[in-house]
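# Chain and residue survey
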Amino acid sequence: MYLVGLVIYAFPLLSIMLGGLGYLISRNVYLIPGALLNVSLIATYTVFNSSFLMWVVIYTLLSYIAGLAVKTIVSTRKQES
C-alpha cells in the first residue's frame, strides 16, 4: 500500500520541485524533464511494472510545466526591474 502513496503524492511533488529547481540551476527547461523521463523509464522496467508507464508521462509533463512556470516568473521579474 505504501506504493500508492508514493505514486500519487510523493513522486508528483518531487517532479514539480525538480522541474522548478532544475530550471533555476541549469536555465534549461528541457534538461530535468528529459533526465526524469530517462530515470522513470528505467525504473518502470526494473522496479515497477509496465502499468507505471502512464505515470512516467504524467511526471514528465508536471516537471516540464513547473520549469515553464518558474521560467515565466523569472523572466517577468527581470522585466520589472
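Relevant structure appears above.
Below: a short report on this structure. (Residues numbered from 1 in each chain as written. Predicted model: local features only at pLDDT ≥ 70, side-chain atom pairs only at ≥ 80, totals over all residues. Heavy atoms only, no water.)

### Focus on the side chain of threonine 60
- For threonine 60, the position within the fold is in helix α3 (residues 53-80).
- The exposure class assigned to threonine 60 is buried, which follows from its relative accessible area of 14%.
- Apart from residues lying up to four places away in sequence, threonine 60 is in contact with Pro33, Leu36 and Leu37. (Helix = DSSP H or I, 4+ residues; strand = E, 2+ residues; numbered from the N terminus. Buried < 20%, exposed > 50% of the residue type's maximum accessible area, 1.4 Å probe, protein only. Contact = heavy atoms within 4.5 Å.)

### Things to note about the packing of helix α1 (residues 2-26) against α3
- Where α1 meets α3, the closest approach of the two axes is 7 Å, and the angle between their N-to-C directions is 40°. In this structure, α1 meets α3 at a crossing whose hand is right-handed. Here α1 contributes Val7, Phe11, Pro12, Ser15, Ile16, Gly19, Gly20, Tyr23 and Leu24 to the contact with α3, which in turn contributes Trp55, Tyr59, Leu62, Ser63, Ala66, Gly67, Val70, Lys71 and Val74. (Axes fitted to C-alpha atoms, helices over the stretch in contact; angles between N-to-C directions. Left-handed = near helix turned anticlockwise from the far one by under 90°.)

### Observations regarding the nonpolar core
- In terms of nonpolar packing, the biggest core is built from five residues, these being Val7, Leu36, Phe52, Val56 and Tyr59.
- With residues near it in sequence (within four places) discarded, tyrosine 59 still touches Val7, Phe11, Pro12, Ser15, Leu36 and Phe52. (Core = buried A, V, L, I, M, F, W, Y, C linked by side-chain atoms within 4.5 Å.)

### Some words on unusual backbone geometry
- Of note, arginine 27 is a non-glycine position whose phi angle comes to about 60°, a positive value.
- Structurally, the position occupied by arginine 27 is in the loop between α1 and α2 (31-46).

### Focus: the packing of aromatic side chains
- Per the counting criterion, the structure on display carries seven aromatic pairs.
- Centroid distance phenylalanine 11 to tyrosine 59: 6.0 Å. Interplanar angle 75°. Geometry classified as edge-to-face. Of the two residues, phenylalanine 11 is situated in helix α1 and tyrosine 59 in helix α3; the sequence distance between them amounts to 48 residues.
- Its relative accessible area of 23% is what places phenylalanine 11 among the partly exposed residues.
- Under the relative-accessibility criterion, tyrosine 59 is labelled buried at 2%.
- Among the aromatic residues, those joined into a ring-pair cluster are Phe11, Phe48, Phe52, Trp55 and Tyr59. (Phe/Tyr/Trp six-rings, centres within 6.5 Å; stacked < 30°, edge-to-face > 60°.)

### Focus on the packing of α2 against α3
- At a closest axis distance of 9 Å, the pairing of α2 and α3 adopts a crossing angle of 165°. Between α2 and α3, the angle falls in the class roughly antiparallel. You can see that α2 and α3 cross each other, and the crossing is right-handed. In this structure, α2 contributes Ile32, Pro33, Leu36, Leu37, Ser40, Leu41, Thr44 and Tyr45 to the contact, and α3 contributes Leu53, Val56, Tyr59, Thr60, Ser63 and Tyr64.
- Residue composition of the contact of α2 with α3, grouped by class: ten nonpolar, four polar and no charged. (Parallel < 35°, antiparallel > 145°, perpendicular 65-115°, else oblique. Nonpolar A, V, L, I, M, F, W, Y, C, P; charged D, E, K, R; others polar.)

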